[in-house]
Structure formats: C-alpha cells, structure tokens
Amino acid sequence: MRTTEPGSALETARDEQSRAALLGGQAIRAGLSGRCPNCGDGPLFQGFLKVRPTCEACGYDLASVETGDGAATFIMQIAGFIVGFSALAVEIAWRPPLWLHLIVWLPLVAALALGLMRPGKGLMTALQMLRTRDPK
C-alpha cells in the first residue's frame, strides 16, 4: 500500500503536508478495514479485538500503539445516542408497550455496539499510530 509506483498520487504530491495527508488517509482506511495501518496488507487483529503484536506483512510493532478503552467509549456513546433517541421517537410517535421496546432496542444496541467495535478499534489504532510516528 505504501509503495510509490511511478505516477502514483504519493509520488506526485508536491509538498510534505500533502504527502502526509495521503498517507494518513491510507492508514485510516486500512485501520477501518481491520488491516495494518502502516502497510495496509497484514491483518490488524488476532481474535475479535486483540491487536497483533507485529504486522505479518511489514513487521511494524503494533504492540507499541496503545489505544486503551477509547474505541469502546466512543462506540458506547454512538450506539447509545442512536438507539436512545430512536426509542424516544418511537415512544412519542406510537407509544408501544414496554416489552416491545425491550425486544427491539436491547438487541439493536448490542448488535450496533459489536458491529462498530472492530472498525472503531482499527480507526483508533491508526490515529494513534499516526500521532506517535516519528516524522521522516
């Protein structure tokens, strides 16, 4: 992913800032898709959310990129906002019974949180890697 083929956008970037923006966009896309933010080829995860110690493709030290619970915090807020306000809108519009709220919204918030967790963790890993990377 980070190779500079003749005529590529990275090769034709005029200044260091535009090169950094291109590399940052590639790293973020790779992180969102669960690939190594450094090369975009190797898998980022070992299991559901455990980040690999090193990239299989480029050897980048992924263990040095620590995101903590940042992704989980943002995902819980996003899922809670979406489901909470959706449930409130449905309650105001149709006033369904409580049991219907429970069987609709609880599985939805769980599925939404689990579905967003890997892309969120990958994004946080890519952003942290870009922030701590030494300028070259």
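Treat the numbers as computed from the prediction; the structure is a model and nothing was measured. (Residues numbered from 1 in each chain as written. Predicted model: local features only at pLDDT ≥ 70, side-chain atom pairs only at ≥ 80, totals over all residues. Heavy atoms only, no water.)

Peer 1: Sorry, what's going on with the nonpolar core here?
Peer 2: The nonpolar side chains of soluble globular proteins are, as a tendency, buried together. Core analysis: the largest hydrophobic core is formed by 7 residues, namely Cys-36, Cys-39, Leu-44, Phe-45, Val-51, Cys-55 and Leu-62. When near neighbours in sequence (up to four residues on either side) are disregarded, Cys-55 contacts Cys-36, Cys-39, Gly-42, Tyr-60 and Leu-62. (Core = buried A, V, L, I, M, F, W, Y, C linked by side-chain atoms within 4.5 Å. Buried < 20%, exposed > 50% of the residue type's maximum accessible area, 1.4 Å probe, protein only. Contact = heavy atoms within 4.5 Å.)

Peer 1: Sorry if this is basic, but what is going on with the environment of Leu-62 here?
Peer 2: Its place among the elements puts Leu-62 in the loop between helix H2 (16-32) and helix H3 (70-94). Leu-62 sits 24 residues away from Asn-38 along the chain, and the two C-alpha atoms are 9.1 Å apart. Apart from residues lying up to four places away in sequence, Leu-62 is in contact with Cys-36, Pro-37, Leu-44, Val-51, Arg-52, Pro-53, Thr-54 and Cys-55. (Helix = DSSP H or I, 4+ residues; strand = E, 2+ residues; numbered from the N terminus.)

Peer 1: What should I look at first to understand the packing of aromatic side chains in this one?
Peer 2: Aromatic ring pairs: the centre-centre distance and the angle between the two ring planes describe each pair. Considering all chains together, one arrives at 1 aromatic pair under this definition. With centroids separated by 4.7 Å and ring planes inclined at 55°, the aromatic side chains of Phe-81 and Phe-85 adopt a geometry described as tilted. Separated by 4 residues within a single helix, Phe-81 and Phe-85 lie in helix H3, roughly one turn from each other. Residue Phe-81 is classed as exposed on the basis of its relative accessible area of 52%. (Phe/Tyr/Trp six-rings, centres within 6.5 Å; stacked < 30°, edge-to-face > 60°.)

Peer 1: Before we go on, may I ask you to explain a nonpolar patch on the surface in this structure?
Peer 2: A cluster of nonpolar side chains, contributed by Phe-74, Ile-78, Phe-81, Ile-82, Phe-85, Leu-88 and Ile-92, occupies part of the molecular surface with about 720 Å² of accessible area. Of note, Phe-74 is situated in helix H3. Given the relative accessible area of 47%, Phe-74 is considered partly exposed. (Patch = residues over 30% accessible without salt bridge, like charges linked within 9 Å, V, L, I, M, F, W, Y side chains within 5 Å. Areas by Shrake-Rupley, 256 points an atom, 1.4 Å probe, with all protein chains shown as cover. Salt bridge = Lys/Arg side-chain N within 4 Å of Asp/Glu carboxyl O.)

Peer 1: Would you mind showing me how to read H3 here?
Peer 2: Because an α-helix completes one turn every 3.6 residues, residues spaced three or four positions apart along the sequence face the same direction. An ideal rise of 1.5 Å per residue puts 36 Å on 25 residues; H3 measures up with 36 Å between its terminal C-alpha atoms. If you check which residues of H3 are buried, you get Gly-70, Ala-71, Ile-75, Ala-79, Val-83 and Ala-87. Against the buried residues of H3 lie helix H4 (98-132). Two residues or fewer after H3 comes Arg-95, characterised by a positive phi angle close to 50°. (Expected span 1.5 Å × (residues − 1).)

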